[in-house]
Amino acid sequence: RRRFGPLEDTCGAVNDLLCRCLSGGWSEAGAELQSFSGDQWAELAREAIRHGVAPLLYRRLEVDTPGEDIPESVRRVLEDVYCYSSLRGRAARDQLATVLSAFAFDRIPTIVLKGAYLAEHVYSEPAERPFGDLDLLVPLDDTERAALTLQELGYAPRPSPGVDYGPGHHHYPPFVKPGMLPIELHRRLTRRRPIEEGVWSRARSVQLAGAEALALSTEDLVVHLCLHAASHKLEIPLRVLLDLHRVLTGSAEKIDWTRLIRLVREMDSGPFVYVGLALTQATLGVDVPAAVWEELQENEADQAIVETALALVFEDAPSVPGAYRSFIRQNGATAKVGSIARAIFPDRNTLDRIYGPRESSASNVWRRIARPVRLSRQASRWLWGLRNPESADRAALGREKKRLAVNEWLARRNLARD
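Residues numbered from 1 in each chain as written. Predicted model: local features only at pLDDT ≥ 70, side-chain atom pairs only at ≥ 80, totals over all residues. Heavy atoms only, no water.

Moving on: the side chain of Q297. Residue position: Q297 is located in the loop between α14 (290-296) and α15 (300-314). For Q297, a relative accessible area of 19% gives the class buried. A polar contact of 3.4 Å, which involves the side chain of Q297, links it to the side chain of Y274. (Helix = DSSP H or I, 4+ residues; strand = E, 2+ residues; numbered from the N terminus. Buried < 20%, exposed > 50% of the residue type's maximum accessible area, 1.4 Å probe, protein only. Polar contact = N/O pair within 3.5 Å; in protein donor to acceptor, adjacent residues only side chain to side chain.)

On to the packing of helix α7 (residues 114-121) against helix α10 (residues 218-231), then. α10 packs onto α7 with a crossing angle of 130° between their chain directions and a minimal axis gap of 12 Å. For the element pair α7 / α10, the angle class is oblique. The chirality of how α7 crosses α10 is left-handed. On α10, the residues that touch K114, Y117 and L118 of α7 are L221, H224, L225 and H228. Of the residues contributing to the contact of α7 with α10, the split by class is 4 nonpolar, 2 polar and 1 charged. (Axes fitted to C-alpha atoms, helices over the stretch in contact; angles between N-to-C directions. Parallel < 35°, antiparallel > 145°, perpendicular 65-115°, else oblique. Left-handed = near helix turned anticlockwise from the far one by under 90°. Contact = heavy atoms within 4.5 Å. Nonpolar A, V, L, I, M, F, W, Y, C, P; charged D, E, K, R; others polar.)

The next point concerns the packing of aromatic side chains. Here the structure, examined in full by the defined rule, presents 5 aromatic pairs. Between Y274 and W293 the ring centres are 5.6 Å apart and the planes differ by 85°, which places this aromatic pair in the edge-to-face class. A residue pair is termed long-range when its members are at least 10 positions apart, and Y274 in helix α13 (residues 270-283) and W293 in helix α14 qualify at 19 residues. Taking the relative accessible area as the measure of exposure, W293 reaches 6% and is therefore buried. Against the face of Y155 rests K177, its NZ or CZ located 5.4 Å from the ring centre. The ring of Y172 has R187 lying over it, and the distance from NZ or CZ to the ring centre is 4.1 Å. (Phe/Tyr/Trp six-rings, centres within 6.5 Å; stacked < 30°, edge-to-face > 60°. Lys NZ or Arg CZ within 6 Å of the ring centre and 35° of its normal.)

For the rest of this paragraph, the subject is the nonpolar core. Ranked by internal contacts, the top residues of the largest apolar core, which has 111 residues, are L22, L57, F103, V112, Y117, L185 and V222. Setting aside residues no more than four positions away along its own chain, V222 makes contact with L244, V247, L248, I255, L260 and L277. (Core = buried A, V, L, I, M, F, W, Y, C linked by side-chain atoms within 4.5 Å.)

Moving on: unusual backbone geometry. At R107, a position not held by glycine, the phi torsion is positive, near 55°. Secondary-structure assignment places R107 in the loop between α6 (72-105) and β1 (111-113). Positive phi outside glycine occurs at A209, with the angle close to 55°. Looking at the element boundaries, A209 is found in the loop between β6 (204-208) and β7 (211-215).

Now for the layout of surface pockets. Empty space within the largest pocket amounts to approximately 670 Å³. Lining the largest pocket are 31 residues, and of these K114, D133, E184, H228 and H232 sit closest to its centre. Of all elements in the fold, only α7, β5 (183-186), α10 and α11 (238-250) reach the threshold of two or more residues within the lining of the largest pocket. Of the residues in the lining of the largest pocket, the class split is 10 nonpolar, 10 polar and 11 charged. (1 Å grid on protein atoms, 1.4 Å probe; cavity = no way out; pocket = protein on both sides within 12 Å on 5 of 7 lines; lining within 4 Å. Points joined across faces, edges and corners; volume = space filled by probe spheres on them.)

Let's shift gears to α6. Taking 1.5 Å of rise per residue, the 34 residues of α6 would be expected to cover 50 Å, and the 49 Å separating its terminal C-alpha atoms lies within 8% of that figure. Phi for R107, located one or two positions after α6, is positive at around 55°. (Expected span 1.5 Å × (residues − 1).)

Take the pattern of salt bridges next. If you walk through the whole model with that rule in mind, you get 17 salt bridges. Ionic pairing is found between R129 and D243, a salt bridge with its closest N-O pair at 2.6 Å. One end of the pair, R129, is in the loop between α7 and β2 (134-137); the other, D243, is in helix α11, with 114 residues separating them in the sequence. A relative accessible area of 8% places R129 in the buried class. Given a relative accessible area of 2%, D243 falls into the buried group. Its salt-bridge partner being D220, residue R202 comes within 2.8 Å of it at the nearest N-O pair. Highlighted residues: R202 in helix α9 (residues 196-202) and D220 in helix α10, separated in sequence by 18 residues. Relative accessible area serves as the criterion here: at 24%, R202 is assigned to the partly exposed category. A cluster of three or more residues bridged by salt bridges with shared partners is formed by E235, E315, R399, E400, K402 and R403. (Salt bridge = Lys/Arg side-chain N within 4 Å of Asp/Glu carboxyl O.)

With that settled, the discussion passes to the environment of D135. Within the secondary structure, D135 sits in strand β2. Residues D135 and A116 lie 19 residues apart in sequence; the distance between their C-alpha atoms is 7.6 Å. Ignoring sequence-local partners within four residues, the contact set of D135 consists of I111, V112, L113, K114, E184 and H186. Among the polar contacts listed, one links the side chain of D135 to the side chain of H186, at a separation of 3.0 Å.

So yeah, pure geometry; function would need other evidence.
The structure is reproduced here in structure tokens:
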């Protein structure tokens, strides 16, 4: 069912087995788990936690594996993560019920997006799908009233530094309240094209947290999840692909592939949906008609970027120094020299951001003298580390090159951040 070769070649045996456990391929995976060493069990738990799928893995192991086959230390860790997800999910559903009731009282239609919807309607039980915020889409004409309603409930907007949340942005700053999950109030589903009327006409009525709400159609949901993955430059945890897998294989509302193709054309999002589906197919396996693959893929670059993105999903390499990252992303010798100069001799605001506000002009002078020395030492250690093909620095450099390839592909596709 996978179109892109053995997954083990890309992500290693443990992650390959993790994918098979999550996708339901238990007949083979269960037998292999019997021979796992303690270190392999520990790595399996670490990877599951890193990818946000530990609660689902715990459920699979509890149901399908005898208790004595799982090391007790691993079982305790996974059980703790599962219990935390369950308790936090219950609190989140109470929070969502309060917000939806307030919106309903003010006659504000609301589509619940991503985690809050998926946990309750796509997964077997809500604890299997943890989430860290509530994403709510309301009609553009009702966004100001919805924002006021949230403030009346005690939430306050908390903008991220450097982000313009004006009318051109697809959502307001996160609304926060002590003890509650942040709420992202969406003006629009995506920046790509004005398709909101179609989204609302296709939305379905659902019960969420005991309250009336709306959900995206299955086809809109698939497109939205793929665009969301692309907006994160395809550096996504396995949980994002698991969401797509569960929507395509376990959702009560079966997908209409003809409608999906028509929607993709309207949104001009074929390459992004192709990559999202291809990553899902490569990791977890999903049946997509051959005609759909042909319709979505525009050129060989779309397939090539799948291999690169697949490595980004599973690699856990450290980051390269920021100055080097800026250097390799510049085009032309002049721009590269300029990036080096800015790194060594930053302006006063940048110095204050890095080291904190200066206390005196003397301290500012000292920082300017010390910075080139510190950067030179850092660069020397990093370049020396590159001599070893197995070093973490070499792995970080390889990952940065993959990131650059993805960024260039996204730039050619002109993706506006979702």
